[in-house]
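Results of the structural survey
Read off the chains here:
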Amino acid sequence: MRHKAGPRPNLLALLLAALAFLCLPALLAFAQAGTLPASPRSEKAFEMKTPELQRDLQARGLTLGNPVFLRITKAPAELTAYVRDVDGRFQAFRTWPVCSVSGTLGPKMREGDGQAPEGFYKVAPAQMNPASSYHLAFNLGYPNAFDRANGRTGSFLMVHGSCVSIGCFAMTDPVIEEIWTLMQAAFEGGQKAVDVHVYPFAMTEENLAAQWGSEHLPFWTSLAPAWTQFEETARVPKVKVSGKTYEVLVAQ
């Protein structure tokens, strides 16, 4: 007696199912990377700071939730938040003093040297820490591609609350709440990552000339075009790493 053969398996469907299974971890990781972590602490800070920031931004013709750019200098120790206006230009919104930053002028070179980094960094939502030991924090992403290409080491270099720093930028709790709220609103508004540029000082010709003889002058000179371009265009420069050097391209 001959049995009737069952339907042949759909090879294409099996292949697609296998690919979906193999790609699932990567897809989940990608989704997690774009998710902003939250805690009762961060939610309370966002709720408390939002009305004040909305009012102050509106007074400047700016909107909470528009893209944000952060720029830090070590001398003077300051962090400035810029918010993009309707014309696509980043306008300075607020500058806060850095309460504490360790080390001296110059980049971070190795783990444990006590230096805070200098260079160009990007902060994605997954780098935000809503439950930091220093109130709220975000990871700068050091070492970036440039740092790694030059053999620089270190980890967990943060901008955070409190006023204690070992290689980080401590902003105090009230200030980090304002910065967090600006960044959270920007992420929720669609910004994928916040550019954070860290400089030793304002990168003017005069300031660079005053550092003649410093071992860090070649590195600082490589950072200067990004500073100058932003000053002239109010648009965040696009920066890439070519070999062991930064290359500043046309502003975004």
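Up top you'll find the structure we're talking about.
The model shown is predicted, which means the values in this text are computed figures rather than measured ones. (Residues numbered from 1 in each chain as written. Predicted model: local features only at pLDDT ≥ 70, side-chain atom pairs only at ≥ 80, totals over all residues. Heavy atoms only, no water.)

Section: the sheet that holds strand E5 (residues 119–123)
- What the 5 strands build is an open sheet, ordered E3-E2-E1-E10-E5; its pairing is mixed. The open sheet terminates on both sides in strands that have one partner only, identified here as strand E3 (90–97) and E5. With direction set aside, neighbouring strand axes in the sheet form an average angle of 20°.
- In terms of strand pairing, E5 meets strand E10 (residues 194–199) through 5 bridges, oriented antiparallel. By the bridge assignment, glycine 119 is partnered in E10 with valine 198.
- Here helix H2 (residues 40–59) sits on the sheet in contact with strand E2 (77–84) and E3, set at roughly 130° to E3.
- Set on the sheet, helix H6 (residues 217–233) makes contact with strand E1 (68–74), E2, E3, E5 and E10; between it and E1 the angle comes to about 130°. (Pairing = 2+ DSSP bridges. Helix = DSSP H or I, 4+ residues; strand = E, 2+ residues; numbered from the N terminus. Axes fitted to C-alpha atoms, helices over the stretch in contact; angles between N-to-C directions. Contact = heavy atoms within 4.5 Å.)

Considerations on helix H4 (residues 173–188)
- Between its terminal C-alpha atoms H4 stretches 22 Å, which fits the 22 Å expected from 16 residues at 1.5 Å a residue.
- For H4, a buried count of 13 out of 16 residues is recorded, marking the element as mostly surrounded by other parts of the structure.
- Once H4 finishes, glycine 190 follows within two positions and takes phi at roughly 115°, a positive value. (Expected span 1.5 Å × (residues − 1). Buried < 20%, exposed > 50% of the residue type's maximum accessible area, 1.4 Å probe, protein only.)

Section: the pattern of salt bridges
- One pass over the structure, following the stated rule, counts 10 salt bridges.
- We note a salt bridge from aspartate 56 to arginine 94, for which the minimum N-O separation is 2.7 Å. Of this pair, aspartate 56 sits in helix H2 while arginine 94 sits in strand E3, placing them 38 residues apart in sequence.
- Within this structure, Glu52, Arg55, Asp56, Arg94 and Glu178 form a network of salt bridges that share partners. (Salt bridge = Lys/Arg side-chain N within 4 Å of Asp/Glu carboxyl O.)

Overview of the pairing of strand E6 (residues 128–132)
- Two strands pair when backbone bridges link them, and E6 and strand E7 (residues 135–139) are joined in this way by 3 bridges, in the antiparallel orientation. The residue bridging serine 132 from the neighbouring strand is histidine 135, located in E7.
- Linkage of E6 to E7, two consecutive antiparallel strands, is achieved through a turn of 2 residues.

Topic: H6
- An ideal rise of 1.5 Å per residue puts 24 Å on 17 residues; H6 measures up with 25 Å between its terminal C-alpha atoms.
- Along H6, the sharpest kink reaches roughly 30°, centred on leucine 223 and followed within four residues by the proline proline 225.
- Looking only at H6, the buried set comprises Leu217, Phe219, Trp220, Leu223, Ala224, Ala226, Trp227, Gln229 and Phe230.
- Alanine 234 sits one or two residues past H6 and shows a positive phi near 60°. (Bend = angle between axes of the 7 residues up to and from the residue.)

Focus: the packing of aromatic side chains
- Throughout the structure, instances matching the rule amount to 11 aromatic pairs.
- Between phenylalanine 120 and tyrosine 199, the aromatic rings sit 6.1 Å apart at their centres with planes inclined by 75°, giving edge-to-face as the arrangement. With a gap of 79 residues between them, phenylalanine 120 in strand E5 and tyrosine 199 in strand E10 connect regions that are remote in the sequence. Across the pair, tyrosine 199 and phenylalanine 120 agree in class, each one buried.
- Plain terms: the ring middles of tyrosine 121 and tyrosine 142 are 6.4 Å apart, the flat faces sit at 50° to each other, and that makes the pair tilted. (Phe/Tyr/Trp six-rings, centres within 6.5 Å; stacked < 30°, edge-to-face > 60°.)

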